[in-house]
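# Overview (structure and organization)
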Amino acid sequence: MSGFEMTGRLLQPARIALLGTGTVGSAVLARLQRWQDGPLAAHLSLVHVANTRHALSTPNGAVGDVLVQLQTASYAGALHDVERALTGPGMRIVVDATASSQVTDMHPHWLAQGIHVVTACKLGQGTSLARWQAIQQGCLAGSTHYGDSATVGAGLPLLRSIRALQAGGDRIHAIEGVLSGSLAWLFNHYDGLRPFSGFVREARDVGYTEPDPREDLSGEDVRRKLLILARASGVALESETVHVQSLVPETLAKLPREALDAALPELDQLLRERYAEAWKRGEKLRFIARLQAGHQASVGLAALPSEHALVGGGGTDNRVAIWSDRYPNQPLVIQGPGAGAEVTAAALLDDVLKIQSGACG
């Protein structure tokens, strides 16, 4: 490619389709709106926004009052309409801010068609191995990139660090971490005195948990994140090989979502007992994901000494320790906020800008 062609490509704004206008998608729109009068606006053109009810094409890329306009727009239609909306000059990028398995199923297709995908959804790389492999194959077929830094740690340099170590010839020996911002918040705040169920409601209401907090409490969300980290480190685990200790009693797990809130107090006695046992030994409760040598992977509540590497931090902080050839005894520890719409939206748009600028390689 000539210098003129490269310059032309980089000056051409990327065409963006945003799928999902919930908490994270709305934060993406708000961030784009703040960029409208700045230098970053020239790099991105928002041409399509859709949720499960409506779709809006904005050929001029204006952000403006997108959410208001979306309320009166046409029905969202088929996901294949996204390709039509992205037709035109410039790089094409889908930003998936949904938690939809149906949308995730389209990721390999879009990638193979030359459309880059940036996502916070863990269903693509954190569920079946076949789905993960399809995404890798889609990237190869379409010479595209899959922006996934928002899937684990809400943009913390976890995946980036693991891949950099791998690229430098390092081998990952073990990974342990607090991978859920919501569970981090819960166990940083839970004091064994007030009901645990009250903290769950508070975390849900401020958007730290998934819409159904059982996804967090069951360990399923953490399982997905551990699978993403494991696969990035070269361990091709199947989902069912991760041993998960759920915090959700079977009776609570079977309830319809509308009956969940009233039944949350079923959690209180178990957590009060676990807290009291740990407190007597001077330990702290943390919900931990572990990947050990020999491909042993587990997720569950653990009582850790107060000086343990994973006990530090506060709020929604994720805290992850990585042992490798380079860090055999004292692990590399990465810490920072692991939940929240603003940091997740920032991570999504960081990936978009990296792809648009060619910084992904």
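In what follows, the accompanying structure is described. Keep in mind that what you see is a predicted model, and the values were worked out from it rather than measured.

## Let's talk about the packing of aromatic side chains
Applying the stated rule across the entire model yields six aromatic pairs. With a centroid separation of 5.2 Å and an interplanar angle of 85°, the aromatic rings of Y190 and F196 are classed as edge-to-face. Side by side, Y190 and F196 carry an identical accessibility label, which is buried. Look at Y190 and F199: their rings are 6.0 Å apart centre to centre, the planes differ by 80°, and that puts the pair in the edge-to-face class. Considered together, Y190 and F199 belong to a single accessibility category, that of buried residues. Pairwise contacts between aromatic rings join W185, F187, Y190, F196, F199, Y208 and Y275 into one cluster.

## Quick word on the sheet that holds strand β11 (residues 317–324)
The strand order across the open sheet built from six strands is β8-β10-β9-β7-β11-β12, with neighbouring strands paired in mixed fashion. A single partner strand is all that each edge strand has here, and the edge strands are β8 (242–244) and β12 (332–337). Averaged over all pairs of adjacent strands, the angle between strand axes in this sheet comes to 25°, irrespective of strand direction. Relative to β12, β11 runs antiparallel, the two sharing six bridges. Note that in β12 the partner of R319 across the bridge is Q335. In the packing of helix α7 (residues 158–167) onto the sheet, contacts are made with β7 (172–178), β11 and β12, and the angle to β11 comes to roughly 10°. Each of β7, β8, β9 (283–292) and β10 (296–305) touches helix α11 (residues 220–232); the most contacted strand, β9, lies at about 40° to it.

## So, the layout of surface pockets
Of the pockets and cavities examined, the second largest pocket occupies roughly 550 Å³. Along the walls of the second largest pocket sit 21 residues, with Y146, G147, D148, L159 and R163 positioned nearest its centre. Among the elements of the structure, α6 (129–142), β6 (146–147), α7, α11 and α15 (341–357) are those that each provide at least two residues to the lining of the second largest pocket. Partitioning the lining of the second largest pocket into residue classes produces ten nonpolar, five polar and six charged.

Quick notes on the rules
Residues numbered from 1 in each chain as written. Predicted model: local features only at pLDDT ≥ 70, side-chain atom pairs only at ≥ 80, totals over all residues. Heavy atoms only, no water. Phe/Tyr/Trp six-rings, centres within 6.5 Å; stacked < 30°, edge-to-face > 60°. Buried < 20%, exposed > 50% of the residue type's maximum accessible area, 1.4 Å probe, protein only. Pairing = 2+ DSSP bridges. Helix = DSSP H or I, 4+ residues; strand = E, 2+ residues; numbered from the N terminus. Axes fitted to C-alpha atoms, helices over the stretch in contact; angles between N-to-C directions. Contact = heavy atoms within 4.5 Å. 1 Å grid on protein atoms, 1.4 Å probe; cavity = no way out; pocket = protein on both sides within 12 Å on 5 of 7 lines; lining within 4 Å. Points joined across faces, edges and corners; volume = space filled by probe spheres on them. Nonpolar A, V, L, I, M, F, W, Y, C, P; charged D, E, K, R; others polar.

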